[in-house]
Structures are given as C-alpha cells and as structure tokens.
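Structural features, examined
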Amino acid sequence: MKPILFAAVLLAAPTLAYAQSPGLEDTCALVARNFEMVKAVKVGIVQSFPELKPPGVRMTYSTKMDAAEGDIQDTIECEFETASAPFKLVKFCLGSSTCYSADEKNADRLRRFEEAQSLLAKPN
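In this text the structure is predicted, and so the values were computed from the model without any measurement.

Here the structure, examined in full by the defined rule, presents 3 salt bridges. As a salt-bridge pair, glutamate 81 and lysine 88 come within 3.8 Å of each other at their nearest N and O atoms. Classification of lysine 88 by relative accessible area gives partly exposed; the value is 40%. Salt-bridge contacts for glutamate 115 lead to arginine 111; the nearest nitrogen and oxygen are separated by 3.0 Å. With glutamate 115 and arginine 111 both in helix 3 (residues 107-121) and 4 residues apart, this pair spans about one turn of that helix. Look at the salt bridges and you will find they share partners, linking Arg111, Arg112 and Glu115 into a network.

Put into structure tokens, the structure is as follows:
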C-alpha cells in the first residue's frame, strides 16, 4: 500500500505552485487585492499558463495575512491578452461561477470588470 501512496504523491506534486510567469501571477493577485479592497492578499497555490491562448493564472488567496495554508481557499482566475507586459486583463472569475469581462451583459459585473482594468492601469 505504501508504494501506491508514494506514487500518488509524485503524480500530484507537479500541480503545486511553481512560478511560471511571475508578472501574470502578480497581476492576478493585484486584481484579487483590488477587488477585495484590501492592502494585500496572502497567495496560496498558483497555477499559471502563459503558453495558452489567452494566457492565464488560477490561484487561491486569502484576505487574512495570518491564514494557515489550509485555510487559503478563495479562488481567482485571470485571463490576459498577452503573456508579456503590459498585461491587459480580458476576464477574471471569483470562485467557480462569477466571472467579469468586457462582454458581460450584467451591468454590475461589467462595471466591476472596468474598475479592475482601470485600477491595473494606475501606478501602484
């Protein structure tokens, strides 16, 4: 039984957080920070996909800086126009069901998307 458990750990390891595209990842964390209206977010697991079209990032985060690793469960997914700076946000999703983009039909979600783009354009 131990060899099976060991093999499962080896298969799971590559999906853990590895910085593949720090610029994309930092920008997505900034979107989460701005959306939550906090000075910082504690980032948990990060998966970035600079090679996909559109390039994107999926990460867990917490607004509580002292959150234990197991308590970091809020998620955000960000999609960008390009994988290199300047990054242009094209879509972001919080949780698994609420997304914000330029083609959003819901006026409130469209407004939140436009706010996120505006905040990204401003100096930090």
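Moving on from the model shown.
Right, let's get into the nonpolar core. Soluble globular proteins tend to pack their nonpolar side chains together in the buried interior. Judged by nonpolar contacts, the single largest core of 19 residues is most densely connected at Ile76, Cys78, Leu89 and Phe92. Secondary-structure elements contributing two or more residues to this core are helix 2 (22-36), strand 2 (56-62), strand 3 (74-80), strand 4 (89-94) and helix 3. Looking at this core, the element that brings in the most residues is helix 2, giving 5 residues.

This next bit is on the environment of valine 90. Here valine 90 shows up in strand 4. Each residue touching valine 90, except ones within four places of it in the same chain, is listed here: Glu79, Phe80, Glu81, Tyr100, Ser101, Ala102 and Phe113.

On to unusual backbone geometry. A cis amide bond, omega -5 degrees, links lysine 53 with the succeeding residue proline 54. With respect to the helices and strands, proline 54 occurs in the loop between strand 1 (42-49) and strand 2. Cis geometry is adopted by the peptide bond preceding proline 86, which originates at alanine 85 and carries an omega value of 0 degrees. Relative to the assigned elements, proline 86 resides in the loop between strand 3 and strand 4. At methionine 37, a position not held by glycine, the phi torsion is positive, near 55 degrees. With respect to the secondary-structure elements, methionine 37 resides in the loop between helix 2 and strand 1. Exposure remark for methionine 37: the relative accessible area of 75% places this residue in the exposed category.

Rules behind the numbers
- Residues numbered from 1 in each chain as written.
- Predicted model: local features only at pLDDT ≥ 70, side-chain atom pairs only at ≥ 80, totals over all residues.
- Heavy atoms only, no water.
- Salt bridge = Lys/Arg side-chain N within 4 Å of Asp/Glu carboxyl O.
- Buried < 20%, exposed > 50% of the residue type's maximum accessible area, 1.4 Å probe, protein only.
- Helix = DSSP H or I, 4+ residues; strand = E, 2+ residues; numbered from the N terminus.
- Core = buried A, V, L, I, M, F, W, Y, C linked by side-chain atoms within 4.5 Å.
- Contact = heavy atoms within 4.5 Å.

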